Amino acid sequence: MDGNGRWAKARWLPRAAGHRAGVSVLTPLLEAAGEAGVEALTLYAFSTENWGRPETEVDSLMTLFLETAKGKVPELNERGARLRFLGRRGHLPEAVRTAMGEAEELTRENDRLHVYIALNYGGRAEIVDAARRMMEDGLSPEEVDEATFASYLYAPEVPEVDLVIRTSGELRISNFLLWQIAYAEFYVTETLWPDFSPEEFRRAIDSYAARSRRRGGG
Ligand code: FPP
């Protein structure tokens, strides 16, 4: 969800206002995803690198996550979305962890749209954590293949990613779902996240649908 800071700067607003504007995009976007028949969607909300931002910005983001959980989770639940979080939970404030657990519990039976929120998430950290847990479980080298490895990721049921949408024109992966994006297609737009509309989301899906995916198969 890139570009919140630039969106705010262009309006002489604090960065927190940009993140707040970014939240307002979520409901229409998830509604559009459900209508388009998308089964799973992951939002990158906070990376393991984002702790390096000024303390005031990190604090305002944590407050925003809590407010967003309070405001949006009941609504998402009514719309049939199942919520799950990806990332290292240990480092997050306790109130945020509690809200995450409650959101997962409330929505666990839903099946219309699977929404994953990457929070304190890093793709490399996820791979390292999976390797550690395999070692803790005493797996032998012969037992470790791609399927076993995938089963140790944060949420093993996360489907392989079909399409990565990157806003604000960045041409980087930025440590996002490294394992799961092996064959993903990309859609990059100059639009800043707070301006990302359901119409543009549908354009991204149309662009994806028009491509031929060979996955190395020629
Ligand atoms: C990146 O923009 C955005 C973030 C680091 C935060 C995104 C979080 C939200 C919009 C809140 C959503 C909440 C939930 C729970 C889904 P940036 O600050 O890097 O912008 P810039 O690239 O213009 O500086």
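The structure we're discussing is the one just above.
Rules and cut-offs
- Residues numbered from 1 in each chain as written.
- Predicted model: local features only at pLDDT ≥ 70, side-chain atom pairs only at ≥ 80, totals over all residues.
- Heavy atoms only, no water.
- Helix = DSSP H or I, 4+ residues; strand = E, 2+ residues; numbered from the N terminus.
- Contact = heavy atoms within 4.5 Å.
- Near = heavy atom within 4 Å.
- Polar contact = N/O pair within 3.5 Å; in protein donor to acceptor, adjacent residues only side chain to side chain.
- Areas by Shrake-Rupley, 256 points an atom, 1.4 Å probe, with all protein chains shown as cover.
- Pairing = 2+ DSSP bridges.
- Axes fitted to C-alpha atoms, helices over the stretch in contact; angles between N-to-C directions.
- Parallel < 35°, antiparallel > 145°, perpendicular 65-115°, else oblique.
- Nonpolar A, V, L, I, M, F, W, Y, C, P; charged D, E, K, R; others polar.
- Core = buried A, V, L, I, M, F, W, Y, C linked by side-chain atoms within 4.5 Å.
- Buried < 20%, exposed > 50% of the residue type's maximum accessible area, 1.4 Å probe, protein only.

Caption draft 1: Region of the structure containing the environment of Ile 173. As for its placement among the helices and strands, Ile 173 is situated in the loop between strand E4 (163-166) and strand E5 (185-188). Those residues within four positions of Ile 173 in sequence are excluded, and the remaining contacts are Arg 166, Leu 178, Ile 181 and Phe 186.

Caption draft 2: Seen up close, the site of the ligand. If you check the shell around the ligand, you find 16 residues, and the closest are Met 1, Gly 5, Arg 6, Arg 15 and Arg 53. Measuring from an oxygen atom of the ligand, one finds a backbone N or O atom of Gly 3 at 3.3 Å. Within the backbone of Arg 6, a nitrogen or oxygen atom sits 2.7 Å from an oxygen atom of the ligand. Isolated, the ligand exposes 640 Å² of accessible area, and the fraction of that covered by the protein chains is 91%. Looking at the shell around the ligand, the elements that each hand over two or more residues are helix H1 (4-9), helix H2 (15-23) and helix H4 (55-78).

Caption draft 3: Local environment of the sheet that holds strand E1 (residues 40-47). If you walk across this open sheet you meet the three strands as E1-E3-E2, and the pairing is parallel. Each of the sheet's edge strands pairs with one partner strand only, and the pair in question is E1 and strand E2 (81-86). The mean inter-strand angle of the sheet, taken between neighbouring strand axes irrespective of direction, is 20°. Summarising the sheet, E2 and strand E3 (residues 113-121) pair through six bridges and their orientation is parallel. From the neighbouring strand, Phe 85 faces E3, where its bridge partner is Ile 117.

Caption draft 4: The packing of H4 against helix H5 (residues 94-107), seen in detail. Packing of H4 against H5 brings their axes to within 10 Å, and their N-to-C directions diverge by 10°. Accordingly, the angle class assigned to the pair H4 and H5 is roughly parallel. Of the residues in H5, those touching H4 at Met 62, Leu 66, Ala 69, Val 73 and Asn 77 are Ala 95, Val 96, Ala 99, Ala 103, Leu 106 and Thr 107. Split by residue class, the contact of H4 with H5 holds nine nonpolar, two polar and no charged.

Caption draft 5: Summary view of the nonpolar core. Of all hydrophobic cores here, the largest spans 35 residues; its most connected members are Leu 43, Val 115, Leu 119 and Phe 201. Looking at which element gives the most residues to this core, the answer is H4, with eight residues. Not counting the four nearest positions on each side in its chain, Leu 43 is found in contact with Met 1, Leu 26, Leu 29, Val 115, Tyr 116, Ile 117, Ala 118 and Trp 193. The next biggest cluster of nonpolar side chains, apart from the first, holds 13 residues, and it includes Leu 86, Val 164, Leu 177 and Ile 181.

Caption draft 6: Quick look at helix H3 (residues 26-35). Of all 10 residues in H3, seven are buried, a share of seventy percent or more. Every buried residue of H3 is accounted for by Leu 26, Thr 27, Leu 29, Leu 30, Ala 32, Ala 33 and Gly 34. Against H2, E1, H4, E3 and helix H8 (198-209) lie the buried residues of H3. Downstream of H3 by one or two residues, Gly 37 has phi in the positive range, about 85°.

Caption draft 7: Expanded view of the environment of Ser 47. Positionally, Ser 47 belongs in strand E1. When its relative accessible area of 9% is taken as the criterion, Ser 47 is described as buried. Each C-alpha atom of the pair Ser 47 and His 91 lies 12 Å from the other, and the pair is 44 residues apart in sequence. In this view, Ser 47 contacts Asn 120 and Tyr 121; residues no more than four positions away in its chain are not counted.

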